[in-house]
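Structural overview for review
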Amino acid sequence: MLFKGGGLPHESLALQEKLFGAGPDYNFMTRIERFKNSLVRVQHFIRCCARYNLHDHADKKWFEGVAFPNEVSVLGPHSGMFIPTLKEQGSEEQIQKWVPQAEKHQIMGTYIQTELGHGTFVRGLETTATYDPKTEEFILNSPTLTSIKWWPGGLGRTCNFGIVMALLYIDGKNYGMHPFVVQLRSLKTHEPLPGLTMGDIGPKFGFDTVDNGYLQFNHFGIPRENMLMKYCQVLKNGTYTKQTRNPKFSYGAMIFVRSMVVYEVAGQGLAKACTIAIRYSAIRRQSELKKSRPEPQILDYQTQQYKLFPLLALAYAVWFTGVRMKEIYFMVNNEIKQGHTERLPELHAISSGLKAFTTSMASWGIERCRLACGGHGYSAASGLPKIYVNATGGCTYEGENTVMLLQCARFLMNIYGGVKNGRRPSGSVNYLGERISSRCTLTSEFTLKSLADAFKHRAARMIKEASERLNRLQASGNDPEDSWNLNSVVLTKAAEAHCHYYMVLVFESVVESVEDNCVKDILRQLCQLLALCGIQENSGDFIQDGFLNNDQLELVKQKQLSLLSEIRPNAVLLVDAFEFHDVQLGSILGRFDGNVYENLFKWAKKTPLNKPEDLIHRLLR
Ligand SMILES: CCCCCCCCCC/C=C\CCCCCCCCCC(=O)SCCNC(=O)CCNC(=O)[C@H](O)C(C)(C)COP(=O)(O)OP(=O)(O)OC[C@H]1O[C@@H](n2cnc3c(N)ncnc32)[C@H](O)[C@@H]1OP(=O)(O)O
Ligand SMILES: Cc1cc2nc3c(=O)[nH]c(=O)nc-3n(C[C@H](O)[C@H](O)[C@H](O)COP(=O)(O)OP(=O)(O)OC[C@H]3O[C@@H](n4cnc5c(N)ncnc54)[C@H](O)[C@@H]3O)c2cc1C
């Protein structure tokens, strides 16, 4: 109940749908079969939404978790980017025109921004939208090979609409990047419209169930009314008007998805991987601890606990942080809607930083879970490869992680510079205005406050040092851009330290808010372990300025090890508390009933390579 809130009824409804739980095994399908199978489930999901009156996003999410376990479907870009961008950037008229059709899935859309030659550098995109006042149309064009749109999910075969980000030209003048609603395929024949060259970009590391696509425009006309006009308008005669606004509003869809990814991708992915690895470690017996005694559960080896329990603590931390990130997004977005844009830079910074920090940690953590499962972890039956390939995409899409950390660092440098000039910071960076203790107060009690304070000190110091180093680089004759580049490794580390502190702080606040003392104690242990592992793994950062001394570091190590034994009795319960159904895990190793070996054997017998097949038989005969 700590996690699921009101979601269970919808999940049970979804589980009753035969088409979702059963059917062919994903692991035995080719890419095309995976894609087709996903489309069948998409259609069934849409029918279910109508049948069960599912309109609310949260309700649909519970359903989706069962319908598309550990994978993204073409509904991801449609409901995660196409609809939100229409809602956020469209005028009232435009919203009325397209949103109801999109919500009823009468049109399917995607978000078309990245090009063959540019993804990160949005200002470098080359697609043009040139206004022609005679026809009152925008003419979309891909002037170069590198300007071909590349990557959008669902573009290859599925979507008939898209929001295209293109440079607006009026009368030869470039007005920068703007969003345009573009019909891509005929609603009758589903063929691409004349003037468009489109297709799928080919097999990928993961995302097999999504047709990421390419799109080349050949002087393709769209009506003037198709530019999303909430913030800027182009009048019939070609006059460009804009509300006083931050030009970064057109990047809103990216902020939204980054804010959601922390929970939906990093939090869920890591929690599932931990569930599989910890349940399996309670089933798997191996070697001897004591002579002539039964083989122990591998979860009883301290090294196994040392691999998995910090990841379990991390999964809880990322989950809680993801929930907090969503709350912040909706809060600040509401403020922006009321015209208060003051917190947009902070929202951009924290969503960029946390998206990068948590997806990197989760991606690394999922791989560690796989390794902790030994040989069976390497089998697709573990479910871990699928979880990994899809979750690790989150390190790249919606802003490559290093680039996102640098965006976060940019904000931190601005704030720190402001503090030096007497400004008072607030929100997630208010600590930069505090006087921070130069000696660590950690004692063997390891209060959550003292642990969070240690991370606060580390973040504040690393931000200060990054800022001072930047100033020194400039003072020694480098221009600002070169100084930034020469300082960028230090800057990314400062941003990570900030996000790490934020995550520890969120976890601490959740523990403090829990009323049940028993649950509180267990969560406190996890929070302590998260923080202590963070200190140990980055110990150089904590001792560099003499903040933490050797005795304290030794205490950290001791406490970390004793926490492993304290957490052990509750470990399986702690992953059960995530309440993932077997269908959502897609893992034989992580089965709730623990019946691993019998089912591995059954599964292997079903593998297509065991079916009679002429060519293989002839080659081997
Ligand atoms: C009720 C809700 C219902 C909804 C239901 C749906 C829920 C779905 C949830 C989804 C969850 C999971 C998703 C899983 C499926 C996903 C499928 C995959 C989707 C992937 C889609 C994509 O990848 S789309 C393409 C994404 N592309 C990028 O992210 C590109 C990255 N690059 C950039 O963003 C920018 O180029 C840049 C930020 C790196 C640089 O921009 P620019 O050059 O213009 O800026 P500067 O660096 O010069 O900075 C200038 C100042 O502007 C500030 N800035 C930059 N960006 C922003 C911003 N976005 N907002 C605010 N401010 C910004 C910057 O900080 C500078 O500020 P100053 O320092 O003050 O000058
Ligand atoms: C699974 C998946 C789904 C996607 N879906 C969509 C979609 O629906 N719509 C869409 O429009 N796009 C989509 N994309 C594209 C995605 O948004 C981009 O790939 C992403 O933004 C990264 O951009 P890039 O590919 O240009 O990477 P690059 O920028 O080329 O990154 C390559 C390397 O260069 C480094 N680098 C680049 N710039 C800097 C810098 N300023 N400072 C330091 N280092 C730098 C990066 O850190 C990285 O190490 C998707 C991508 C994937 C993988």
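Right above here is the structure, for reference.
An account of the accompanying structure is given in this report. Note that the coordinates shown come from a computational prediction; the quantities given were computed from them, not determined experimentally.

It is worth spelling out unusual backbone geometry at this point. Here H105, not a glycine, exhibits a phi torsion of approximately 60°, which is positive. Residue placement: H105 occurs in the loop between α6 (92-103) and β1 (109-112). Take H105: there are 17 C-beta atoms within 10 Å of it, and that puts it in the partly exposed class. With phi around 45°, H219 is a residue other than glycine that occupies positive phi space. By secondary structure assignment, the location of H219 is in the loop between β8 (213-217) and β9 (220-223). What makes H219 exposed here is the crowd of 11 C-beta atoms within 10 Å.

On to the site of ligand 1. Around ligand 1 sit 36 residues, and of these G76, G80, V122, Y251 and G399 come closest. Elements with a minimum of two residues in the shell around ligand 1: α5 (75-89), α7 (252-283), α9 (344-372) and α12 (401-420). The element best represented in the shell around ligand 1 is α7, accounting for seven residues. A per-class count over the shell around ligand 1 returns 18 nonpolar, 13 polar and five charged. Mapping the shell around ligand 1 onto the domain boundaries places at least three of its residues in each of domain 2 (108-241) and domain 3 (252-422 + 446-575).

Below, the discussion takes up the nonpolar core. Ranked by internal contacts, the top residues of the largest apolar core, which has 171 residues, are L270, C274, L312, L412 and F507. Residue contributions to this core peak at 19 residues, all from α7. Contacts of L412, omitting those with residues within four sequence positions, involve V429, I463, A494, A495 and H498.

On to the site of ligand 2, then. For ligand 2, the set of nearby residues contains 23 residues, the closest of which are Q113, T114, G119, T120 and T402. Mapped by element, the contributors of at least two residues to the shell around ligand 2 are β1 and α12. Looking at the shell around ligand 2 residue by residue, the classes come out as nine nonpolar, twelve polar and two charged. Inspection of the shell around ligand 2 shows a minimum of three residues originating in each of domain 2 (108-241) and domain 3 (252-422 + 446-575).

Let us look at the environment of L555. Mapped onto the elements, L555 comes out in helix α18 (residues 550-567). A count of 17 C-beta atoms within 10 Å places L555 in the partly exposed class. Excluding residues within four positions of it along the chain, L555 makes contact with L442 and S444.

Here the focus is the packing of α12 against helix α15 (residues 488-513). Where α12 meets α15, the closest approach of the two axes is 8 Å, and the angle between their N-to-C directions is 80°. Classified by the angle between their axes, α12 and α15 sit roughly perpendicular to one another. Between α12 and α15, the residues in contact are T402, L405, L406, C408, A409 and L412 and S488, L491, T492, A494, A495, E496 and H498, respectively. Grouping the constituent residues of the contact of α12 with α15 by class yields eight nonpolar, four polar and one charged.

Criteria and thresholds
Residues numbered from 1 in each chain as written. Chains lettered and ligands numbered in written order. Predicted model: local features only at pLDDT ≥ 70, side-chain atom pairs only at ≥ 80, totals over all residues. Helix = DSSP H or I, 4+ residues; strand = E, 2+ residues; numbered from the N terminus. Buried ≥ 20, exposed ≤ 12 C-beta atoms within 10 Å, placed from the backbone. Near = placed C-beta within 6 Å. Nonpolar A, V, L, I, M, F, W, Y, C, P; charged D, E, K, R; others polar. Domains from an automatic or database assignment. Core = buried A, V, L, I, M, F, W, Y, C linked by C-beta atoms within 7 Å. Contact = placed C-beta atoms within 7 Å. Axes fitted to C-alpha atoms, helices over the stretch in contact; angles between N-to-C directions. Parallel < 35°, antiparallel > 145°, perpendicular 65-115°, else oblique.

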